Amino acid sequence: MTLSKFDGIELPASADFHVHLRDGDMMELVVPTIRQGGVNTVYVMPNLVPPITTVEHALSYKTRLQSLEPNVTYLMSLYLHPSITPETIISAKAAGIVGVKSYPAGVTTNSDSGVLDYASFYPVFAEMEKQDMILNLHGECPSHGDITVMSAEERFLPTLLDLHKRFPKLRIVVEHLSTAAAVETVLKCGPTVVGTITAHHLSLIVDNALGDPFCFCKPVAKLVEDRNALLKAATSGNKKFFFGSDSAPHPRGAKRGGDKIAAGVFTQPYATQYVLDAFETGVESGVLREEDVTREVLENFLGRFGREFYGDVARQRGEGKGQVIRLSKGKGKVAEIVQSEKTDVVPFRKGEVTWELEFIS
Ligand code: DOR
Ligand code: ZN
């Protein structure tokens, strides 16, 4: 059986460099699932309502997250917004905030206060470069004229290249890569530019997203050749590519009822497990060779490369709780729904078989 060589494997806990943990009822439901996915370090997205644009908001949010699950390291970010100035960047750095996330206006969930014009933020980017803070890019152009959800990422790539040229030392993460073109562009850039890859973009193509609201996200899953390029990048051993789940919970009703489908795939409780499943399907379909998916590939993609890029703030903590996970093949099952008395969310691939995961130390 494919990848049965990993049955019972023990790995360092994963780091997930792109999570949406929300606030309020959904936060209370989702934060306890982080460790179920084998993860002990998360980079937290700031697109709350209202978005996190101040140091105080980021720190109070971090306190709420920590009180729900103290055995996770939370790396915090700010939402790029006209109210953010170079002075904000200096105080954010001093407060331990790690990066700033840029959402193009209107492309996805809670992006109404996003960026319309990158040039107006050049002084902020210059200060971030100086302070060695990370810029996280949602790399899509808003649909407009001849730009559609299918071309939105590719059409953004010239902006990435331009920002990289202007700020060559600014560390940039292009989030949730979804195209072969984006993989190639990240490869073309210098070592300060890297990309995260989600478990669902390693699994899905556009047909899945069109037929199933629980597979709809931004950027939308693209073509077979794009998914295959992502599988190859994730297993290439190139440290420019590492895991960020973009787990994005929405209440079940926001995915089914209503007049507009919310974008986002919820993967948090099975984050690590889904990546193994995606690699396995990649081997079964002949895109990957079984010998290319090694223990080292798993350790690198699921944690080491991201931790190295993010640096000291994200290093695996020494001895202690939550350092090592064990995976057992085919012994886990994705829940039909994750729910509390106040809210609910449907996980990706509900009801399907996956790996069982436990923390062993
Ligand atoms: O599908 C998505 N959902 N993409 C994003 O960029 C945001 C996310 C969310 O917050 O729901
Ligand atoms: Zn996201």
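All residue numbers here refer to positions counted from 1 along the written sequence of the relevant chain. As a convention, the first chain written is A and the first ligand written is 1, with the rest following in written order. With the structure being a predicted model, the display of local features is reserved for residues of pLDDT at least 70 and the display and counting of side-chain atom pairs for 80 or more, all residues being used for whole-chain, interface and lining totals. Values reported for side chains reflect all heavy atoms of the structure, with hydrogen atoms and water molecules removed beforehand.

## Focus: the site of ligand 1
- Consider each residue's heavy atoms; a residue with any of them within 4 Å of a molecule or strand counts as near. Neighbouring ligand 1 are 14 residues; Arg22, Asn47, Lys218, His250 and Ala263 lie closest to it.
- A distance of 2.7 Å is found between an oxygen atom of ligand 1 and a side-chain nitrogen or oxygen belonging to Arg22.
- Identification of polar contacts relies on pairs of N or O atoms within 3.5 Å, with a donor-acceptor requirement for protein atoms, meaning one able to donate a hydrogen and the other able to accept it, and with residues adjacent in sequence counted only if both atoms are side-chain atoms. Interatomic distance of 3.3 Å between a backbone N/O atom of Gly264 and an oxygen atom of ligand 1.
- Values of accessible area rely on a 1.4 Å probe in the Shrake-Rupley scheme; residue burial ignores everything except the protein chains shown. Burial of ligand 1 by the protein chains amounts to 100% of its free accessible area of 290 Å².

## Observations regarding the sheet that holds strand S2 (residues 14-19)
- DSSP calls a pair of strands paired once it identifies at least 2 bridges connecting them. Strands are runs of DSSP state E lasting at least two residues, helices are runs of H or I lasting at least four, and both sets are numbered from the N terminus onward. Reading across from one edge, S2-S3-S4 is the order of the three strands in this open sheet, with parallel pairing throughout. Edge strands, defined here as strands with exactly one partner in the open sheet, are S2 and strand S4 (73-75). When the angles between neighbouring strand axes are averaged without regard to direction, this sheet yields 20°.
- The contact definition used throughout considers only heavy atoms, calling two residues in contact when any of these lie within 4.5 Å. An axis is simply a line fitted to the C-alpha atoms; with a helix, the fit covers only the stretch in contact. Between two such axes, the angle follows the N-to-C directions and lies from 0 to 180 degrees. Together, S2, strand S3 (39-44) and S4 form the strand contacts of helix H11 (residues 295-310), whose direction differs from that of S2 by roughly 65°.

## Some details on the nonpolar core
- Here the nonpolar core consists of buried residues drawn from Ala, Val, Leu, Ile, Met, Phe, Trp, Tyr and Cys, with membership extended through side-chain atoms lying within 4.5 Å. The rule is simple: take the accessible area with a 1.4 Å probe, protein chains only, and divide by the maximum for that residue type; under 20% is buried, over 50% is exposed, in between is partly exposed. Counting residues in hydrophobic clusters, the biggest one holds 97 residues, and the most contacted among them are Leu21, Tyr74, Phe125, Leu202 and Phe279.
- Ranked by residue count, the leading element in this core is helix H10 (residues 271-284), at seven residues.
- Setting aside residues no more than four positions away along its own chain, Leu21 makes contact with Met26, Met27, Val30, Val31, Ile34, Val42, Val44, Tyr61, Leu65, Tyr74 and Gln268.
- Ranked by size, the runner-up nonpolar core spans 16 residues in total, among them Ala15, Leu75, Tyr79 and Val194.

## Thoughts on helix H4 (residues 122-131)
- When H4 is considered as a whole, its buried residues turn out to be Val124, Phe125, Glu127 and Met128. Each buried residue of H4 sits inside an arc of 160° when the element is viewed along its axis, so together they form one side.
- Where H4 is buried, its residues touch helix H3 (86-94), strand S6 (99-102), strand S7 (134-137) and helix H5 (152-166). By construction, the arc corresponds to the directions joining the helix axis to the C-beta atoms.

## Some details on H5
- To estimate the expected span of a helix, subtract one from its residue number and multiply by 1.5 Å. The terminal C-alpha atoms of H5, which comprises 15 residues, lie 22 Å apart, in line with the 21 Å expected from a rise of 1.5 Å per residue.
- What the bend at a residue measures is the angle between two axes, fitted to the seven residues ending there and to the seven starting there. Of all the bends in H5, the largest measures some 25° and sits at Pro158.
- Taken together, the buried positions of H5 are Ala152, Glu153, Phe156, Leu157, Leu160, Leu163 and His164.
- Buried residues along H5 sit in contact with H4, S7, strand S8 (171-174), helix H6 (180-188) and strand S9 (193-197).

## What about the packing of H3 against H4?
- At a minimum axis distance of 8 Å, the contact between H3 and H4 shows a crossing angle of 25°. Overall, the two elements H3 and H4 adopt an arrangement that is roughly parallel. Helix-helix and strand crossings are classified by hand; for H3 and H4 the assignment is right-handed. Packed against H3, whose contacting residues are Pro86, Ile89, Ile90 and Lys93, the element H4 presents Pro123, Val124, Glu127, Met128 and Gln131 at the interface.
- Tallied by class, residues from the contact of H3 with H4 come to six nonpolar, one polar and two charged. Each angle receives one of four descriptions, namely roughly parallel if under 35 degrees, roughly antiparallel if over 145, roughly perpendicular if within 65 to 115, and oblique otherwise. Take the far helix as the reference: if the near one is turned anticlockwise from it by less than a right angle, the crossing is left-handed, and if turned clockwise, right-handed. Residues are sorted three ways: Asp, Glu, Lys and Arg are charged, Ala, Val, Leu, Ile, Met, Phe, Trp, Tyr, Cys and Pro are nonpolar, and all the rest, Gly among them, are polar.

## Overview of the coordination of the zinc ion (ligand 2)
- Each metal's donors are the N, O and S atoms found within 2.8 Å of it, except that Na, K and Ca use a 3.2 Å limit; water is left out, so coordination can look incomplete. The zinc ion (ligand 2) binds to the protein through His18 (NE2), His20 (NE2) and Asp246 (OD), with metal-donor distances spanning 2.0 to 2.1 Å.
- The sequence pattern formed by the donor residues of the zinc ion (ligand 2) is H-x1-H-x225-D. Within this pair, whereas His18 is found in strand S2, its partner Asp246 is found in the loop between strand S10 (241-243) and helix H9 (252-255), the two being separated by 228 residues in sequence.
- Under the relative-accessibility criterion, Asp246 is labelled buried at 6%.

## Topic: the pairing of S6
- The alternating pattern of S6 places Gly99 and Lys101 on one face and Val100 and Ser102 on the opposite face, and all of these are buried.
- Sheet topology places strand S5 (residues 77-79) next to S6; three bridges connect them, and they run parallel. Bridging across to S6, Leu78 finds its partner in Val100.
- Chirality of the crossover, the property in question, places the unit of S5, H3 and S6 among those that are right-handed.
- One ladder, built from four bridges, connects S6 with S7; its direction is parallel. Across the sheet, Lys101 pairs through a bridge with Asn136, a residue of S7. Convention used here: a crossover is right-handed provided that the path from the first strand, over the helix, to the second strand proceeds clockwise when the strands point away from the viewer.

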